[in-house]
Amino acid sequence: MEKTLDLKYTYTDKKDTRSGFGDGLLEAGRNNPNVVGLCADLIGSLKMGAFQKEFPERFFQVGIAEANMIGLAAGMAIGGKIPFTGTFANFSTGRVYDQIRQSVAYSDKNVKICASHAGLTLGEDGATHQILEDVGMMRMLPHMTVINPCDYNQTKAATLALVDHVGPAYLRFGRPVWPIFTPADQKFEIGKAWKMIEGKDVTIFATGHLVWEAVVAEAMLREEGIYAEVINIHTIKPFDEAAVLASIAKTGCAVSAEEHQINGGLGDSIAQSLARNNPAPLEYIGVLDSFGESGTPTQLLEKYGLNAENIVKAAKKAIARK
Amino acid sequence: MEKQSIDQLKQICSQVRRDCLRMVHAVQSGHPGAALGLTEYFVALYFNEMTHDSKFKMDGKGEDMFFLSNGHVSALWYSVLARSGYFSTEELETFRKLNSRLQGHPATHEGLPGIRIASGSLGQGLSVAIGVAQAKKIDEDDKLVYVMMGDGEQQEGQIWEAGMYAAHHKVDNLIAAIDYNGQQIDGPTLKVMDLKNLKAKWEAFGWDVIEVKKGNDIESVVNGLAKARGLTGKGKPVMILLYTEMGYGVDFMVGTHKWHGVAPSDAELENALGQLEETLGDY
Ligand SMILES: Cc1ncc(C[n+]2csc(CCOP(=O)(O)OP(=O)(O)O)c2C)c(N)n1
Ligand SMILES: [Mg+2]
């Protein structure tokens, strides 16, 4: 299906976004001697091995003790270091929420919480590991920056941007290999939405892996004479309200697309903004108040309604509600 | 279930190991290492030691009850549950596939008989098992509660909160065990995060600790479990330090963290199955 479509963005290579983090962290370590890494027995999964190898004196294996890791990182930040913690998204957020809340967010510490295997696409490990609430939890915390990049290149760029950003941040990425469709040399501007495709009939606001699904959906809609605008919301907080409102003023309706619960994530950020400023129809693509399960990433995106076909349906529905 | 003889237990172990490998291989995902290492313990529990009914009741009243804290050992648990009649062995084919009750990590969500709580996020099972044991005490139910944990898992702080609590509250109808294989994801526990003297730690927390040095020898495990049972009811919780080898039973998998969470290829599976007799019929 993808091959016959006239896509506005294409790819020749696929890689996992977590490798973008690992490669970005290595470069960050070379650029800045204050960058330190911490990991809770998942060095391979988080792709932190290269950083560990090159900077053994700046890398700390914490063992399976995530709460301890967050506290350690906050302490290192007091000492002027820029700690990047690594574990799965579930154990980066839900498991250590109060440690993050008190020692990192409330205390305003420069800790970068880096979270892999987010969302359904980690696949077979199933619901215990597939966190779908992390963006909501992190977004609710005052002071916290929340970033969910869409491919390898954007994840690498985001990791590098975080070195120069002062303050608590949550960086969310994933396990599966995924199309690399954004440029290698991109400048990552925290808090600035990226209009990837100009349109007029409906706006698709997407984040993370689902930006690619949005790009595919745009081509499918165009074949039917519907022109969708695609906006990549890589930073969910701070939220680029101006970009959202400007697009809605033009298209008049929207679809949000995220690998997350519909409660608390990107869709709710948009809804809040629209309700306060310019009420317009919004359709949510996200998990509908359920846990995930084991399966392949493709099967899961289909079963839970998170793929391009579902974005197309939602776009038509949003347009019909105008 | 009738208690099985040592010979029968050995046969079951061989079949269970085959099941685990075939399950993980079929979906090219899952955790063979600890599953192979813990086979003797699980088989001894379900086919010899515990009083339990495969007509599953969630509350387990009047039965011994088992909890798995290191949920990544799911393939082993599913095989043992199926082989002891909780559900059909054919269902093992659905492991980790879409719409299956046999989730990657154990879940109650789909109603799989034998599972009483989800696990997968490490460090939580001991607390749950203690709660179950205390509920049994309130009901004057004299059966026991068993819980299995990993050794790497001991690095989680919650385990020590639970350990302190169980001794303080004299939860002496509980037999916990640690899969003392010396391995975790990033390497040997000694290198990742040294556990130091686990026996002394648990004793200092007020537990009775026994060591089963040959955790892959079925007779030693059966004897160890009997000894542990003998220590219950004396005012202290009981801990078994179960020395196992990750990947036991397959020569190229044994003793290394490399097989913690990696599936064998077709050729590796064939090689491995060649080392394990099909005793009860593959599913
Ligand atoms: C809270 C939490 N942190 C991290 C993980 C990822 N993880 C799964 S298994 C494992 C290693 C566990 O080591 P051990 O308990 O020794 O089990 P073994 O490798 O011996 O099977 C880790 C870190 C997890 N499942 N839960
Ligand atoms: Mg271990």
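Residues numbered from 1 in each chain as written. Chains lettered and ligands numbered in written order. Predicted model: local features only at pLDDT ≥ 70, side-chain atom pairs only at ≥ 80, totals over all residues. Heavy atoms only, no water.

Our next topic: the interface of chain B and chain A. With 27 residues of chain B at the contact, the number on the chain A side is 25 residues. Buried area between chain B and chain A, summed over both chains or domains, comes out near 2000 Å², and the portion from carbon and sulfur atoms is 47%. Interface area lost by chain B to chain A is led by Leu98, Glu156 and Asp186 of chain B, which between them contribute 28%. In this structure, the connection of chain B to chain A is made through two salt bridges. Of the charged contacts in the structure, one is a salt bridge between Asp125 of chain A and Arg96 of chain B, with a shortest N-O distance of 2.8 Å. Inspection of the region where chain B meets chain A yields 17 residue pairs in polar contact (both at pLDDT 80 or more). In terms of residue class, the side of chain B that touches chain A is made up of seven nonpolar, 15 polar and five charged. (Contact = heavy atoms within 4.5 Å. Buried area = accessible area lost by both parts, 1.4 Å probe. Salt bridge = Lys/Arg side-chain N within 4 Å of Asp/Glu carboxyl O. Polar contact = N/O pair within 3.5 Å; in protein donor to acceptor, adjacent residues only side chain to side chain. Nonpolar A, V, L, I, M, F, W, Y, C, P; charged D, E, K, R; others polar.)

Before going further, it helps to spend a moment on the domain arrangement of chain A. Much of the literature gives interface size as the accessible area that the parts lose upon coming together. Residues and elements named next belong to chain A. Assigned domains of chain A: these are domain 1 (2–12 + 188–320) and domain 2 (14–179). Taking the mean C-alpha position of each, domain 1 and domain 2 sit 25 Å from one another. Across the boundary between the two partners, domain 1 contributes 37 residues, which contact 40 residues of domain 2. Both sides of the domain 1 and domain 2 interface together cover about 3100 Å² of buried area, and 62% of this is carbon and sulfur. On the domain 1 side of the interface with domain 2, the three residues burying the most area are Phe188, His209 and Lys237, jointly 24% of the side's total. At the junction of domain 1 and domain 2, the tally comes to zero salt bridges. At the surface where domain 1 touches domain 2, the tally comes to 23 residue pairs in polar contact (both at pLDDT 80 or more). Of all the elements in the fold, those that place two or more residues in the side of domain 1 that touches domain 2 are helix H9 (210–223), strand S12 (235–237), strand S13 (254–261), helix H11 (266–277) and helix H12 (297–303). (Domains from an automatic or database assignment. Helix = DSSP H or I, 4+ residues; strand = E, 2+ residues; numbered from the N terminus.)

Where empty space is left can be seen by rolling a probe of water-molecule size over the atoms. Residues and elements named next belong to chain A. On inspection of all chains with the given rule, the structure shows two cavities of 30 Å³ or more. Taken as a whole, the largest cavity encloses approximately 70 Å³ of empty space. Here the residues of the lining of the largest cavity sort into three nonpolar, six polar and two charged. Counting contributing residues, the lining of the largest cavity receives three or more from each of domain 1 (2–12 + 188–320) and domain 2 (14–179). By volume, the second largest cavity amounts to about 60 Å³. Here the residues of the lining of the second largest cavity are counted per class, giving seven nonpolar, two polar and three charged. (1 Å grid on protein atoms, 1.4 Å probe; cavity = no way out; pocket = protein on both sides within 12 Å on 5 of 7 lines; lining within 4 Å. Points joined across faces, edges and corners; volume = space filled by probe spheres on them.)

On to the sheet that holds strand S6 (residues 145–147) of chain A. Through backbone hydrogen bonds, the strands of a sheet pair up, either in parallel or in antiparallel fashion. Residue and element names in this part refer to chain A. Sheet architecture is open: seven strands sit in the order S3-S2-S4-S5-S7-S6-S12, paired in mixed fashion. Pairing within the sheet leaves two strands with one partner each, and these edge strands are strand S3 (59–61) and S12. Within this sheet the neighbouring strands show an average axis-to-axis angle of 20 degrees, counted without direction. Note: strand S2 (residues 35–39) against S3, three bridges, orientation parallel. Across the sheet, Cys39 pairs through a bridge with Gln61, a residue of S3. (Pairing = 2+ DSSP bridges. Axes fitted to C-alpha atoms, helices over the stretch in contact; angles between N-to-C directions.)

Take the nonpolar core next. If you look at the biggest cluster of nonpolar residues, it comprises 53 residues, and the most contacted ones within it are Tyr41, Phe42, Tyr46, Phe66 and Ile240 of chain B. The element that contributes the greatest number of residues to this core is helix H1 (residues 6–27) of chain B, accounting for eight residues. In contact with Tyr46 of chain B, other than residues within four places in its own chain, are Met1, His52, Phe66, Trp77, Val80, Leu81, Ser84 and Tyr86 of chain B. Listed in part, the 41 residues of the second largest apolar core include Leu210, Ala214, Leu301 and Ala315 of chain A. (Core = buried A, V, L, I, M, F, W, Y, C linked by side-chain atoms within 4.5 Å. Buried < 20%, exposed > 50% of the residue type's maximum accessible area, 1.4 Å probe, protein only.)

In this section: the packing of helix H3 (residues 39–49) of chain B against helix H9 (residues 218–231) of chain B. Residues and elements named next belong to chain B. One can describe the packing of H3 onto H9 by two numbers: an axis separation of 9 Å at closest approach and a directional angle of 60 degrees. With respect to their mutual orientation, H3 and H9 come out oblique. Handedness of the crossing formed by H3 with H9: right-handed. Contacts between H3 and H9 involve Glu40, Tyr41, Ala44, Leu45, Asn48 and Glu49 from the former and Ile218, Val221, Val222, Leu225, Ala226 and Arg229 from the latter. Taken together, the residues that form the contact of H3 with H9 break down as eight nonpolar, one polar and three charged. (Parallel < 35°, antiparallel > 145°, perpendicular 65-115°, else oblique. Left-handed = near helix turned anticlockwise from the far one by under 90°.)

What follows concerns the site of ligand 1. What surrounds ligand 1 is a group of 22 residues, the closest being Glu66 of chain A together with His72, Asp151, Asn181 and His260 of chain B. Residues close to ligand 1 are split across chains A and B. At a separation of 2.6 Å, a nitrogen atom of ligand 1 approaches a polar side-chain atom of Glu66 of chain A. Take Asp151 of chain B: an N or O atom from its side chain is 2.7 Å from an oxygen atom of ligand 1. For ligand 1, whose free accessible area comes to 590 Å², the fraction covered by protein is 99%. Structurally, ligand 1 is housed in the largest pocket. (Near = heavy atom within 4 Å. Areas by Shrake-Rupley, 256 points an atom, 1.4 Å probe, with all protein chains shown as cover. Sits in = over half its atoms within 2 Å of the grid points.)

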